[in-house]
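Here is what each chain is made of, one letter per residue.
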Amino acid sequence: MWLPRRFKHCPSCGQAVEYRVPADDNRERATCTACATVHYENPINVVGTLPVWGEGPDAQVLLCKRAIEPRYGLWTLPAGFLELGETAAEGALRETDEEAGAQIELLPLYSLMNVVSVGQIHLYYRARLLSPEFNPGPETLEARLFHEHEVPWDALAFRTVRETLRRFFEDRRLGRPFSLHSADIG
């Protein structure tokens, strides 16, 4: 399987790196040709929320229409890259505020999606919206609520969003308690 390679030059000294297996390792690593520093490339975490307004079958989910690439103009759950110095929950709260301007009560982690092909892990928390009023930030064209039958399934930006929403509506329809879902996305 092809994996993205992030390093071309050493962050320590600026010289070129080569991908090779260090003597005490079992996989290729970005290794500096000058200072021999080994650089590890680990998955990037994307964190966000599945915000819900109301309860039961009439509840609505909040989606944001993207104002940035990739997938400009398509709908997504409020989410983004986890920053250094914050927990996954803090990042999900921050992203929900930045992208939708939504005030929420964070609930338990709902889905964990491994997107190995791009070196990412997507984590979505369920969230209860405290108000149906939104103030989207510059990365969002529009933030709005959708009933299940209104979700623009063909205009969702990411498969992780589609899979998270699909599981949520299925759990709700079947009356199952909400629990953690995990999936590997190609």
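As shown above, the structure is provided for reference.
Residues numbered from 1 in each chain as written. Predicted model: local features only at pLDDT ≥ 70, side-chain atom pairs only at ≥ 80, totals over all residues. Heavy atoms only, no water.

Re the overall build of the protein
From N to C terminus, the protein includes two helices and 11 strands. When the elements of the protein are put in sequence order from the N terminus, they spell out β-β-β-β-β-β-β-α-β-β-β-α-β. Dimensions of the protein along its principal axes, counting C-alpha atoms only, are 60 × 35 × 30 Å. Within the protein, the fraction of its 186 residues that count as buried is 41%. Expressed as a percentage of contacts within the protein between residues at least 6 apart in sequence, the contacts between residues at least 24 apart total 59%. Looking at the protein as shown, the accessible area adds up to about 10200 Å², and 52% of this sits on carbon and sulfur atoms. Each charge sign in the protein was given a centre, from 20 positive and 26 negative side chains, and these centres are 6 Å apart. (Helix = DSSP H or I, 4+ residues; strand = E, 2+ residues; numbered from the N terminus. Buried < 20%, exposed > 50% of the residue type's maximum accessible area, 1.4 Å probe, protein only. Contact = heavy atoms within 4.5 Å. Areas by Shrake-Rupley, 256 points an atom, 1.4 Å probe, with all protein chains shown as cover. Lys, Arg positive; Asp, Glu negative; His and termini not counted. Charge placed at Lys NZ, Arg CZ, Asp CG, Glu CD.)

Quick look at unusual backbone geometry
That bond from E69 to P70 is cis: its omega, 0 degrees, falls within 30 degrees of zero. Counting through the fold element by element, P70 comes out in the loop between β5 (60-66) and β6 (75-76). In the Ramachandran plot, A36 falls in the positive-phi region, its phi being about 70 degrees despite a non-glycine side chain. The backbone of R71 shows a phi angle near 70 degrees, a positive value even though the residue is not glycine. Within the fold, R71 resides in the loop between β5 and β6. Under the relative-accessibility criterion, R71 is labelled partly exposed at 43%.

Quick word on the nonpolar core
Counting residues in each nonpolar core, the largest one holds 18 residues, and the members touching the most others are V61, L63, V151 and L165. Going through the elements one at a time, β4 (44-53), β5 and α2 (159-174) are the ones with two or more residues in this core. Top contributing element to this core by residue count: α2, with four residues. Discounting chain neighbours no more than four positions away, the residues touching L165 are L50, V61, L63, L77, V151, W153 and L156. Core analysis: the next-biggest nonpolar cluster, separate from the first, contains nine residues, L62, C64, A102 and A143 among them. (Core = buried A, V, L, I, M, F, W, Y, C linked by side-chain atoms within 4.5 Å.)

Examining the packing of aromatic side chains
Summed over the entire model, instances satisfying the criterion amount to six aromatic pairs. Centroid distance Y110 to F168: 6.3 Å. Interplanar angle 80 degrees. Geometry classified as edge-to-face. In this pair, Y110 is assigned in strand β8 (residues 104-115) and F168 in helix α2, connecting sequence segments 58 residues apart. Like F168, Y110 is buried. An angle of 10 degrees between the planes, with centres 5.2 Å apart, marks the rings of F168 and F178 as stacked. Separated by 10 residues along the polypeptide, F168 in helix α2 and F178 in the loop between α2 and β11 (181-184) bring together distant segments of the chain. Assessed through its relative accessible area of 3%, F168 is described here as buried. Ring pairing ties together the aromatic residues Y110, W153, F168, F169 and F178, which thus form one cluster. (Phe/Tyr/Trp six-rings, centres within 6.5 Å; stacked < 30°, edge-to-face > 60°.)

Regarding the sheet that holds strand β3 (residues 38-39)
Strand order in the open sheet formed by three strands is β1-β2-β3, and the pairing between neighbours is antiparallel. Sheet topology places β1 (17-20) and β3 at the edges, where each strand pairs with a single neighbour. Here two bridges tie strand β2 (residues 29-32) to β3, and the two strands are oriented antiparallel to one another. By the bridge assignment for β3, T31 is matched with V38. (Pairing = 2+ DSSP bridges.)

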